[in-house]
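Chain by chain, the residues run as shown.
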Amino acid sequence: MSDCDNAKLPIVIIGGGGHASVLADILLQQQREIVAIVCPDDINQRAIFSGITHLKRDADISRFSADSVSLVNGIGLMPKSSFRRKLNETFLSLGYRFETVISDSAIVSPFCRLEVGAQILPMSVIQAGATIGSHSIINTGAIVEHDCSVGSYNHIAPRATLCGDVETETNVYIGANATVIQGISVGNGAVVGAGACLTRDLASDMIAYPAKITTK
Ligand code: JB3
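Residues numbered from 1 in each chain as written. Predicted model: local features only at pLDDT ≥ 70, side-chain atom pairs only at ≥ 80, totals over all residues. Heavy atoms only, no water.

A.B. asks: Teacher, can you tell me more about the overall build of the chain here?
C.D. replies: A tally of regular secondary structure across the chain gives 2 helices and 22 strands. Taken over the C-alpha trace, the chain has a radius of gyration of 17 Å; the compact-globule value for 216 residues is 17 Å, and the two agree within 12%. Dimensions of the chain along its principal axes, counting C-alpha atoms only, are 55 × 40 × 30 Å. In the chain, which comprises 216 residues, the share counted as buried stands at 49%. The contacts of the chain with a sequence gap of at least 6 include a subset with a gap of at least 24, amounting to 32%. (Helix = DSSP H or I, 4+ residues; strand = E, 2+ residues; numbered from the N terminus. Rg over C-alpha atoms; globule rule 2.2 N^0.38 Å. Buried < 20%, exposed > 50% of the residue type's maximum accessible area, 1.4 Å probe, protein only. Contact = heavy atoms within 4.5 Å.)

So this is what it looks like as structure tokens:
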């Protein structure tokens, strides 16, 4: 099912905002050791991080050797943003590995494939035959139906639904509560707006907006 190795290394989380807090919550419930949160800003207002060492610079990650920790990128991927990917590529080039995070409440078919660094958040569903590309986020309550192929560095936002056989390329953003009907392809860097219903293929870098509802 997963490309991740099962060595339970201590975790370093990059980022200290909302997405990082959700990932920390999943990992702490799974009794994983989080040895540091790396974030330039104050994290004291988030109780979930209390007691965890706070490092302020990404360069501080080098205090841990690449083979002694597993990294979790806690910076969320927003439309057209490449920051999350750049950070990953920097640390991958230094020999670090990224943890595949799977919430205990997600429903993940044993017949799907999760590539390394994927983040599968609470109550999401990944059905048989689906593939989730490396470093993609399947956010809370999202549904990836049978035989979908989600590319790398995607964000499938909360409660979005990919019906069967949908294919997304790299760096795709599917907004909250959007629906992509069966068999549709979504190109690199494309965005499906929150609440939209995509019924035809979407080319690279295009944006699909939700239909406007007009009332008299
Ligand atoms: O849609 C949902 C459910 N969640 C969104 C998530 C996927 O993406 C959420 O609503 C946010 O819009 C976004 O969450 P994220 O990335 O956690 O955003 P924010 O809460 O603004 O936190 C960003 C964190 O990254 C902050 O703690 C920043 O200090 C930190 N940060 C910024 N630049 C950095 C850097 N951290 C590191 N390590 N290095 C940086 O260069």
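A.B. asks: What am I meant to see in the sheet that holds strand β4 (residues 70-73) here?
C.D. replies: Spatial ordering of the open sheet is given by β3-β2-β1-β4, a layout of 4 strands whose pairing is parallel. The outermost strands of the open sheet, each flanked by one partner alone, are β3 (54-55) and β4. Relative to strand β2 (residues 34-38), strand β1 (residues 11-14) runs parallel, the two sharing 4 bridges. Its bridge partner lying in β2, isoleucine 11 is registered against isoleucine 34. Contacts between helix α2 (residues 83-93) and the sheet are confined to β1 and β4, with β4 contributing the most and set at about 170 degrees to the helix. (Pairing = 2+ DSSP bridges. Axes fitted to C-alpha atoms, helices over the stretch in contact; angles between N-to-C directions.)

A.B. asks: Would you mind showing me how to read the domain arrangement of the chain here?
C.D. replies: It is common to give the size of an interface as the accessible area that goes away when the parts come together. Structurally, the chain comprises domain 1 (11-93) and domain 2 (101-211). Just the C-alpha atoms count here: the centres of domain 1 and domain 2 sit 23 Å apart. Tallying the contact residues gives 19 residues for domain 1 and 19 residues for domain 2. For the pair domain 1 and domain 2, the two sides together bury roughly 1600 Å², of which 60% comes from carbon and sulfur. Among the residues of domain 1 in contact with domain 2, Leu77, Lys80 and Arg85 are the three that bury the most area, contributing 35% of the side total. (Domains from an automatic or database assignment. Buried area = accessible area lost by both parts, 1.4 Å probe.)

A.B. asks: Help me out: how do you make sense of the site of the ligand in this one?
C.D. replies: Taken together, 19 residues lie near the ligand, and His19, Val38, Asp41, Asp58 and Gly76 sit nearest. Between an oxygen atom of the ligand and a main-chain N or O atom of glycine 18, the distance comes to 3.0 Å. At 2.7 Å, a backbone N or O of glycine 76 approaches an oxygen atom of the ligand. Split by residue class, the shell around the ligand holds 8 nonpolar, 9 polar and 2 charged. (Near = heavy atom within 4 Å. Polar contact = N/O pair within 3.5 Å; in protein donor to acceptor, adjacent residues only side chain to side chain. Nonpolar A, V, L, I, M, F, W, Y, C, P; charged D, E, K, R; others polar.)

A.B. asks: What is the right way to read the nonpolar core from this model?
C.D. replies: Soluble globular proteins tend to pack their nonpolar side chains together in the buried interior. Ile120, Ile126, Ile132, Val144, Leu162 and Ile174 are the most contacted members of the largest nonpolar core, which totals 30 residues. Ignoring sequence-local partners within four residues, the contact set of isoleucine 132 consists of Arg113, Leu114, Glu115, Ala118, Ile120, Ile126, Ile138, Val144 and Val150. Core analysis: the next-biggest nonpolar cluster, separate from the first, contains 22 residues, Ile37, Phe49, Leu121 and Tyr173 among them. (Core = buried A, V, L, I, M, F, W, Y, C linked by side-chain atoms within 4.5 Å.)

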